[in-house]
Amino acid sequence: MTAVKSVKIDGEDIHIFNSAIYIFESTSGYTLELDLIVSEVTERKYKKEQNLIIEIQLESGRNIDSIMYVKTLSGGLPQLNLYCDLDSIDEYEELEIVNENSSSFPDAELGITLEEIRSVEMPNENISLKLNLPIDQVEWLKTQKKANLNEIFRELISEHWNKQ
């Protein structure tokens, strides 16, 4: 399998944890497929786009530039699945050709865990809480800035985790 060295999306370098690049053969023709395991932050940023300008550098030194479409797959690790149609596969001799009947289908998820991904880039997520507190605590909370409250809750949760 040909290895991907780096990927740029719309001119921006992205951190890839694992990847698979190959040609998919179907009755309707050939597509260049690029499966990337990325952080949840990167996945959220690009998964709703219809198409992206992709610059791929292979370990062999070859560069592939293309406009690729995004398809989303549910479950598993955060990933971007990109593809583009190919008129001819002659210039892609080094890439594996697979079809739906292939016994060895590239799996970019092998050997990587969500914990490893999150150790590089942990996403933040908004949460709303409904609490029943004494009025003096409610009044105090209302006077705090959002950044301060975020830090307070991060510390409280960490302390609670460490006690368990």
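See the structure shown above.
Below: a short report on this structure. Here the structure is a predicted model, which is why all the values come from computation and not from measurement.

## Overview of the sheet that holds strand 7 (residues 79-86)
- Spatially, 2-1-5-6-7-4-3-8 is the arrangement adopted by the eight strands of the open sheet, whose pairing is mixed. Where the open sheet ends on each side, the last strands, each with one partner, are strand 2 (12-14) and strand 8 (97-98).
- Where strand 1 (residues 4-9) and strand 2 come together, three bridges link them in antiparallel fashion. Within strand 2, the residue paired with Lys 8 across the bridge is Asp 13.

## Quick notes on the side chain of Thr 31
- Considering the arrangement of structural elements, one finds Thr 31 in strand 4 (residues 29-37).
- Looking at Thr 31, the relative accessible area reads 13%, which means it is buried.
- At 2.8 Å, the side chain of Thr 31 and the side chain of Glu 33 are in polar contact.
- In this structure Thr 31 touches Tyr 22, Ile 23, Phe 24, Cys 84, Asp 85 and Leu 86, once residues within four positions along its chain are discounted.

## Considerations on the pattern of salt bridges
- One pass over the full model with this rule turns up seven salt bridges.
- Between Glu 12 and Lys 45 there is a salt bridge, and its shortest N-O distance comes to 2.7 Å. With a gap of 33 residues between them, Glu 12 in strand 2 and Lys 45 in helix 1 (residues 40-46) connect regions that are remote in the sequence.
- Its relative accessible area of 44% is what places Lys 45 among the partly exposed residues.
- Taking the shortest distance from any N to any O, the salt bridge between Glu 151 and Arg 154 comes out at 3.2 Å. You can see Glu 151 and its partner Arg 154 sitting in helix 4 (residues 146-163), three residues apart, about one turn around the helix.
- Accessibility expressed as a relative area gives 45% for Arg 154, which makes it partly exposed.

Criteria and thresholds
Residues numbered from 1 in each chain as written. Predicted model: local features only at pLDDT ≥ 70, side-chain atom pairs only at ≥ 80, totals over all residues. Heavy atoms only, no water. Pairing = 2+ DSSP bridges. Helix = DSSP H or I, 4+ residues; strand = E, 2+ residues; numbered from the N terminus. Buried < 20%, exposed > 50% of the residue type's maximum accessible area, 1.4 Å probe, protein only. Polar contact = N/O pair within 3.5 Å; in protein donor to acceptor, adjacent residues only side chain to side chain. Contact = heavy atoms within 4.5 Å. Salt bridge = Lys/Arg side-chain N within 4 Å of Asp/Glu carboxyl O.

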